[in-house]
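Here's the letter readout for the chains.
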Amino acid sequence: MNRAVPYLRRTVQALSFCFLLYLIIQTAFPLELKIPVDLYLRLDPFIGIISLFTQKEIILRMLPALGVLLLVFIFGNFFCGWFCPMGTTIDFFDRILFREKKRPKPLDDRSLRRFRYGVFIFALITGLMAFQVMYLLDPISLITRTMVISFYPPAIYIYNHLLPQIQALLPRNPVILSSIPLPLFKVNLLIFLFFIIILALGVIRKRFWCRYLCPLGTLFSISSRFRIFRRSVTDECTHCQKCVRECPVGAIPEETPEQYRQEDCVSCFKCLECPPKAVSFGFASPQLKTVDGVTLSRRYVLGSFAFGLASSLVIKTNPLQSESGLKNNRLIRPPGSLPEEKFVSVCTGCGECLKVCPNNALQSTFLEAGLAGLYTPRLVPRIGYCEEFCNFCGRVCPTEAIRPVTIEEKRLLQIGVAHIDKTRCIAWDTDKICLVCNEQCSYQAIVGDDKKRPIIKEEKCTGCGICENKCPVDGESAIIVHSSGVQKKLKPEPNNNHQG
């Protein structure tokens, strides 16, 4: 039985990872899945705590994360060992690529374990200052963003190219398979390289990122100090060191394998493969004192606090971020987004809204939104436009950085205003008739003058970007949507006859 538990764990890990992939694939039109497609993000207590600090209110969508945290208080950190898709990915690559590799030990393990708490303190302070740099390291947000932006498009590319061969192998009169529109994302290479670096850290230590950098793992580690489901070792232990070697997070010290650091244990149960069967798990009173624990000095805590505070202030006073600095009038946020300063502090950059957008209109920012807005979504009309009868982005946002709005509310939200560059517009520059933008606009926000040249009625324009997307001018469009700064509600027109 003891030997079967680790195999059960690997099965659960594989199923959990496949379930995440299933949810990502289902994050698309018509979004009819009854299970929330952002379920894993909603189960993330670290995102819940940081968003609580920023929003100053409880986000109902994040309440399941509280349940996970309560279970960790009882059973210890089971999430990282059994359900975390990022941990599963790292375990897989550690096992395949670095299984037989002898890892060097030039680094002091205790110093590295102390460093993780410094990272966590830094994350909390920056969260209080509304600078969510640690969302970049949150494992659920990270793996979701990587799958959506870096791996999903190549998978679609391969599928589309193999489709003729697949059709040829099917029997006559098969179900018709069609190609899938290929999504394109600007920062895919950057996200991919960051992901590869995380995996490559396994050459130094097994689960290096999980053990020393992951902020969610650190939160679970702190909570696991109070666990009542604990490991115990009988006198039959022969100090064979098998459990020490097999522990993926180094929670069992070489000198005293009958003990362990309960805060670092991820409940993988590999130590149950003990030859004399001296190891077992069961309920016992919590033991706060741990073997070979990390002591955080007052200087270290204050230093981490000060570093987080200083970093946040430096970011906030950077010209790209400061309110008195440069403004990007092409930074168009999805409809229903919170005001910019709060938006960048709540958005996790998970990429769910990018995946669900039917026209590939949403793209991750690099520095367009400043340093604090890295990976947050923006509308790029030349790539795609905001679909009129779509409100999916607000339905899949776990922290409600994009508020869930009805279709009726969404159609009256002005996220930007279109402007015509008369030096590039065919109708204005060459006096030729071009009615593309007029015909495409379903809000009747573009009308023609006496010479049939387009004119924008700003009081009707929602900034959806369809005019910019469909403009036939090569290169940059002759009609460009600029951000209106603050999303505002347009006045509905009585007896509004909707076109197209």
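Reading guide: rules and limits
- Residues numbered from 1 in each chain as written.
- Predicted model: local features only at pLDDT ≥ 70, side-chain atom pairs only at ≥ 80, totals over all residues.
- Heavy atoms only, no water.
- Helix = DSSP H or I, 4+ residues; strand = E, 2+ residues; numbered from the N terminus.
- Buried < 20%, exposed > 50% of the residue type's maximum accessible area, 1.4 Å probe, protein only.
- Contact = heavy atoms within 4.5 Å.
- Areas by Shrake-Rupley, 256 points an atom, 1.4 Å probe, with all protein chains shown as cover.
- Pairing = 2+ DSSP bridges.
- Salt bridge = Lys/Arg side-chain N within 4 Å of Asp/Glu carboxyl O.
- pLDDT = per-residue confidence, 0-100.
- Axes fitted to C-alpha atoms, helices over the stretch in contact; angles between N-to-C directions.
- Parallel < 35°, antiparallel > 145°, perpendicular 65-115°, else oblique.
- Left-handed = near helix turned anticlockwise from the far one by under 90°.
- Nonpolar A, V, L, I, M, F, W, Y, C, P; charged D, E, K, R; others polar.
- Expected span 1.5 Å × (residues − 1).
- Arc of directions from axis to C-beta.
- Core = buried A, V, L, I, M, F, W, Y, C linked by side-chain atoms within 4.5 Å.
- Phe/Tyr/Trp six-rings, centres within 6.5 Å; stacked < 30°, edge-to-face > 60°.
- Lys NZ or Arg CZ within 6 Å of the ring centre and 35° of its normal.

A. Inspection of the overall build of the chain at higher detail. Summing up its helical and strand segments, the chain has 20 helices and eight strands in all. Counting only C-alpha atoms and orienting by the principal axes, one finds that the chain spans roughly 95 × 65 × 40 Å. The burial tally for the chain puts 50% of its 500 residues in the buried class. Excluding contacts between residues fewer than 6 apart, the proportion of contacts in the chain whose partners are at least 24 apart in sequence is 76%. Looking at the chain as shown, the accessible area adds up to about 24,700 Å², and 63% of this sits on carbon and sulfur atoms.

B. Representation of the pairing of strand E5 (residues 413-420). Within E5, six of the eight residues are buried, leaving the element largely enclosed by the surrounding structure. Bridge count between E5 and strand E8 (residues 479-489): seven bridges; the pairing is antiparallel. Each residue of the ladder has a partner; that of Gln 414, found in E8, is Lys 488.

C. Looking closely at the pattern of salt bridges. For the structure on display, the rule yields twelve salt bridges. Measuring nitrogen to oxygen at the nearest pair gives 3.5 Å for the salt bridge that ties Glu 368 to Arg 378. Taken together, the residues span a long stretch of sequence, with Glu 368 in the loop between strand E3 (362-364) and strand E4 (377-379) and Arg 378 in strand E4 at a distance of ten residues. When its relative accessible area of 26% is taken as the criterion, Glu 368 is described as partly exposed. Each of Arg 9, Asp 91 and Arg 207 takes part in salt bridges that share partners, so that together they form one network.

D. Focus on the confidence of the model for the chain. Averaged over all residues, the pLDDT of the chain equals 87, while 93% of them reach at least 70. Within the model, the stretch residues 496-500 combines pLDDT values under 50 with nine contacts to residues more than four positions away or in other chains.

E. Layout of the packing of helix H7 (residues 109-128) against helix H13 (residues 298-316). Orientation of H7 relative to H13, taken along the N-to-C sense of each, is 40°, at an axis distance of 8 Å. Here H13 runs oblique to H7, going by the angle between their axes. Between H7 and H13 lies a crossing whose hand is right-handed. On H13, the residues that touch Arg 114, Phe 115, Gly 118, Ile 121, Phe 122, Ile 125 and Thr 126 of H7 are Tyr 300, Val 301, Ser 304, Phe 305, Phe 307, Gly 308, Leu 309, Ser 311 and Ser 312.

F. Focus on the packing of helix H6 (residues 85-97) against helix H8 (residues 139-169). At their nearest, the axes of H6 and H8 sit 8 Å apart, and the two run at 70° to each other. It follows from the interaxial angle that H6 and H8 lie roughly perpendicular. Contacts between H6 and H8 involve Pro 85, Met 86 and Thr 89 on the former and, on the latter, Pro 139, Ile 140, Leu 142 and Ile 143. When grouped by side-chain class, the residues that make up the contact of H6 with H8 number six nonpolar, one polar and no charged.

G. How the structure looks around the environment of Lys 489. Checked against the element boundaries, Lys 489 lands in strand E8. In this structure Lys 489 comes out as exposed when scored by relative accessible area, which is 62%. A C-alpha to C-alpha distance of 17 Å links Lys 489 and Cys 390, two positions 99 residues apart in sequence.

H. Structural view of the side chain of Asp 38. Among the secondary structure elements, Asp 38 is positioned in the loop between helix H1 (4-26) and helix H2 (39-42). Using a relative accessible area of 1% as the deciding quantity, one classes Asp 38 as buried.

I. Structural context of unusual backbone geometry. Following Phe 29, the chain continues to Pro 30 via a peptide bond in cis, the omega torsion being 5°. Summarising the element assignment, Pro 30 is placed in the loop between H1 and H2.

J. Highlighting helix H9 (residues 188-200). Over its 13 residues, H9 extends 18 Å from the first C-alpha to the last, a length consistent with the 18 Å expected when each residue adds 1.5 Å. All of the buried residues in H9 are Ile 191, Phe 195, Ile 198 and Leu 199. All buried residues of H9 lie within an arc of 100° about the axis, which places them on one face of the element. Facing away from the buried side of H9 by more than 90 degrees, the exposed set consists of Leu 189 and Ile 197. The inward-facing, buried residues of H9 abut H6, H8 and helix H10 (208-212).

K. Just the nonpolar core, in detail. Met 86, Trp 209, Phe 220 and Ile 479 are the most contacted members of the largest nonpolar core, which has 105 residues in total. Non-local contacts of Phe 220, meaning those with residues more than four positions away in its chain, are made with Pro 45, Val 68, Leu 69, Val 72, Asn 77, Phe 79 and Cys 80. Val 356, Cys 390, Phe 392 and Val 396 belong to the second-largest nonpolar core, a separate cluster that totals six residues.

L. The packing of aromatic side chains, seen in detail. On inspection of all chains with the given rule, the structure shows 18 aromatic pairs. Aromatic side chains Trp 82 and Phe 269 sit 5.9 Å apart centroid to centroid with 70° between the ring planes, which places their arrangement in the edge-to-face category. Placement of the pair is Trp 82 in helix H5 (residues 79-82) and Phe 269 in the loop between helix H12 (242-246) and strand E2 (279-283), with a sequence separation of 187 residues. Assessed through its relative accessible area of 13%, Phe 269 is described here as buried. Geometrically, the ring pair formed by Phe 151 and Phe 192 is edge-to-face, given 5.9 Å between the ring centres and 65° between the ring planes. One end of the pair, Phe 151, is in helix H8; the other, Phe 192, is in helix H9, and 41 residues separate them in sequence. An aromatic cluster is defined as three or more aromatic residues linked by ring pairs; in this entry it consists of Phe 75, Trp 82, Phe 229, Phe 269, Phe 281 and Phe 283. Taking NZ or CZ as reference, Arg 114 lies 4.5 Å from the ring centre of Tyr 300, over its face.

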